[in-house]
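One letter stands for each residue in the lines below.
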Amino acid sequence: MPQVYCARLFTALQLISVLSKIKQMKERIHSIDIVRGLIMIIMTLDHSRDFFNIPGPSPLNMQTTTVILFFTRWVTHFCAPTFVFLSGVSVFLAGQKRSKKELSLFLLKRGAWLILSDMLIISFLFTFDSFYHVVVLEVLSAIGFGMIILALLIHTPPRVIAITGLVIILGHNLLDYVQLPENGLTGSLIKLFVSASGGASIPLAVNRMVAVLYAGIPWAGIMLLGYVFGAVYKTGFNSERRKRILLTSGISLTVLFIVLRLANHYGDPNPWTVQRNAAHTLLSFLNATKQPPSLLFISMTLGPVLIFLSFAEKLSSRFASFCRIYGNVPYFYFIMHLCLIRIINIVLIVLAGIRIKFTGFPLVWQADGFGYPLWAVYLFWLLVIAMLYFPCKWYGNYKRHHTQWWLSYL
């Protein structure tokens, strides 16, 4: 009898474990994974252009760009705001299973890890400089800093977090009318946290600097907004109401962008202008400022994303399932796609017989004389996405069936 009882108890425990894992799998919100996965696929196009395209003027330079080159860059503007916003949503959902104290501690550690990842991993992949003459603070740092801000605000009422996020998003363009210090400690802190206009550098020593591509506070405002929107994904929240909120918010932001952009007075430091033809005038209209993210940039990008989120819950196509594979493992994909792109980049340089040497300290290192036309960049983009499909699928399955503490950091 004791043996039979123990066998039944063991079987029951196994069943509970299986049901628990099934429940965890069902708790994933597919619409978020679909949207995030699509954005990550688009992000890969931008990084493929950085590493494989023939060097040339900025794709956003109205005097030299072409329509296809502009949109190749412009469409990737949706990536960073979506990553940061959905990270805020994920923080809210993670908080449903943790106490405020546990969530705050997790956010501090997770935020610090993301900033460290930018400094050690992304900096090397971008600059290809093992001596780290340039330390890059990119989108991972923006998310990490936003998490640290959230950790400090997590004990306040949701309305305080909402108001803080809105004040940052709606009001930080007031700084466009203020002359901010650029030098000294104050100037460095402003570049780091407030306004890294077009990307800023903070000198550390001779031939050493920090490249600040994402100023902390403006991007943190987007994460705070995402955290507030996370409430619509709570268990038991009416799905039709959630869709209406997302759709209404998305349309409102899109209309806000159009109205303010037409007015051409507030919300972006760079007004649009009439160009040499109608197509380039449209490009100028859409060319909102990313660094730091202006109110118009945020409205232009998050508006359509919220609209897409409102419809994504009904998506069940093969392409949606394809996107979800990547959206399940955002950090893993982010690191792996840059590693793969850099490896392919180096192999092609070696095969072309081009000497690997360093001149200066560019943000994204490229060998002299190396580069492919834009059509080839698109082929490399598709190749990288295809090569990472099965690794991402494997890792997504691994995460769903394992609970090691370190998985929450990868």
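Residues numbered from 1 in each chain as written. Predicted model: local features only at pLDDT ≥ 70, side-chain atom pairs only at ≥ 80, totals over all residues. Heavy atoms only, no water.

Novice: Which residues make up the overall build of the chain, and what values go with them?
Specialist: The secondary structure content of the chain amounts to 15 helices and three strands. Computed over C-alpha atoms, the radius of gyration of the chain comes to 23 Å, within 12% of the 22 Å expected from 2.2 N^0.38 for 410 residues, which places it in the range of a compact globule. Each of the three principal axes of the chain carries a C-alpha extent, and together these read 85 × 55 × 45 Å. Relative to its full complement of 410 residues, the chain shows a buried share of 48%. For the chain, restricting intrachain contacts to residue pairs at least 6 apart in sequence, the fraction spanning at least 24 positions comes to 76%. (Helix = DSSP H or I, 4+ residues; strand = E, 2+ residues; numbered from the N terminus. Rg over C-alpha atoms; globule rule 2.2 N^0.38 Å. Buried < 20%, exposed > 50% of the residue type's maximum accessible area, 1.4 Å probe, protein only. Contact = heavy atoms within 4.5 Å.)

Novice: Pulling in residues and values, what's your account of the packing of helix α4 (residues 79-95) against helix α12 (residues 295-312)?
Specialist: In contact at an axis separation of 9 Å, α4 and α12 are set at 60° when each is read in the N-to-C sense. By the angle class used here, α4 and α12 are oblique. The crossing of α4 and α12 is right-handed. For the pair α4 and α12, the contacting residues are Pro81, Thr82, Phe85 and Leu86 in the first and Phe297, Thr301, Leu302, Val305, Leu306 and Leu309 in the second. (Axes fitted to C-alpha atoms, helices over the stretch in contact; angles between N-to-C directions. Parallel < 35°, antiparallel > 145°, perpendicular 65-115°, else oblique. Left-handed = near helix turned anticlockwise from the far one by under 90°.)

Novice: So what's going on with the nonpolar core? Residues and values would help.
Specialist: In terms of nonpolar packing, the biggest core is built from 112 residues, with Phe52, Phe85, Leu107, Leu150, Leu309 and Tyr326 touching the most fellow members. The biggest single contributor to this core is helix α14 (residues 330-351), with 12 residues. Every residue in contact with Phe85, bar those within four places of it in the chain, is listed here: Ile222, Leu225, Gly226, Phe229, Leu302, Leu306 and Leu309. With five residues, the next largest nonpolar core counts Val135, Leu137, Ile202 and Val212 among its residues. (Core = buried A, V, L, I, M, F, W, Y, C linked by side-chain atoms within 4.5 Å.)

Novice: Hey, could you go over the environment of Gly146 for me, with residue numbers and the actual values?
Specialist: Among the secondary structure elements, Gly146 is positioned in helix α6 (residues 139-153). The sequence separation of Gly146 and Arg73 amounts to 73 residues, and the corresponding C-alpha distance is 25 Å. If near-sequence neighbours (up to four positions away) are discounted, Gly146 is found in contact with Ala220 and Met223.

Novice: Lay out the sheet that holds strand β1 (residues 134-137) in plain terms, naming residues and giving numbers.
Specialist: If you walk across this open sheet you meet the three strands as β1-β3-β2, and the pairing is mixed. Edge positions in the sheet fall to β1 and β2 (200-205), since each of these pairs with one other strand and no more. Averaged over all pairs of adjacent strands, the angle between strand axes in this sheet comes to 20°, irrespective of strand direction. (Pairing = 2+ DSSP bridges.)

Novice: Would you mind going over the packing of aromatic side chains in detail, with residue names and values included?
Specialist: Where two aromatic rings form a pair, the distance of their centres and the angle of their planes describe that pair. Using the criterion set out here, one finds 30 aromatic pairs in the structure. Between Trp272 and Phe285 the ring centres are 5.6 Å apart and the planes differ by 70°, which places this aromatic pair in the edge-to-face class. Of this pair, Trp272 sits in the loop between α10 (239-263) and α11 (278-286) while Phe285 sits in helix α11, and the two are 13 residues apart along the sequence. For Phe285, a relative accessible area of 14% translates into the label buried. Centre to centre, the rings of Trp394 and Tyr395 are 6.1 Å apart; their planes meet at 40°, and the pair counts as tilted. With relative accessibility at 52%, the residue Trp394 sits in the exposed group. Taking the relative accessible area as the measure of exposure, Tyr395 reaches 5% and is therefore buried. Taken together, the ring pairs connect Phe319, Phe322, Tyr326, Tyr333, Tyr389 and Phe390 into an aromatic cluster. Lying over the aromatic face of Phe106, Arg98 brings its terminal NZ or CZ to 4.4 Å of the ring centre. (Phe/Tyr/Trp six-rings, centres within 6.5 Å; stacked < 30°, edge-to-face > 60°. Lys NZ or Arg CZ within 6 Å of the ring centre and 35° of its normal.)

Novice: Go over helix α13 (residues 318-327) with me, naming the residues and quoting the values.
Specialist: Buried within α13 we find Ala320, Cys323, Ile325, Tyr326 and Gly327. Along its buried surface, α13 packs onto α2 (30-52), α14 and α15 (374-401).

Novice: Outline the confidence of the model for the chain, supporting the account with residue identities and numerical values.
Specialist: Predicted confidence across the chain gives a mean pLDDT of 90, with 92% of residues reaching 70 or more. The secondary structure element of the chain with the lowest average pLDDT is helix α1 (residues 2-27), at 43, and the one with the highest is α10, at 97. The model gives residues 4-26 a pLDDT under 50, and that stretch makes four contacts with residues more than four places away or in other chains. (pLDDT = per-residue confidence, 0-100.)

Novice: Can you explain the packing of α14 against α15? Please cite residues and give values.
Specialist: Here α14 crosses α15 at 135°, and the two axes come no closer than 10 Å. Taken as axis vectors, α14 and α15 run oblique relative to one another. Considering only the axes of α14 and α15, their crossing is right-handed. Residue-level contacts link Phe332, Tyr333, Met336, His337, Leu340, Ile341, Ile344 and Leu348 of α14 to Phe380, Leu383, Val384, Ile385, Met387, Leu388, Pro391, Cys392 and Tyr395 of α15. Classifying every residue of the contact of α14 with α15 gives 16 nonpolar, one polar and no charged. (Nonpolar A, V, L, I, M, F, W, Y, C, P; charged D, E, K, R; others polar.)

Novice: Tell me about the pattern of salt bridges, and please be specific about residues and values.
Specialist: Counted under the stated rule, the structure contains six salt bridges. The partner of Asp46 in a salt bridge is Arg73, with the nearest N and O atoms 3.4 Å apart. Residue Asp46 is found in helix α2, and its partner Arg73 is found in helix α3 (residues 67-74); the two are separated by 27 residues along the sequence. What makes Arg73 buried here is its relative accessible area of 14%. When salt bridges with common partners are traced through the structure, they connect Asp46, Arg49, Asp50 and Arg73 into a single cluster. (Salt bridge = Lys/Arg side-chain N within 4 Å of Asp/Glu carboxyl O.)

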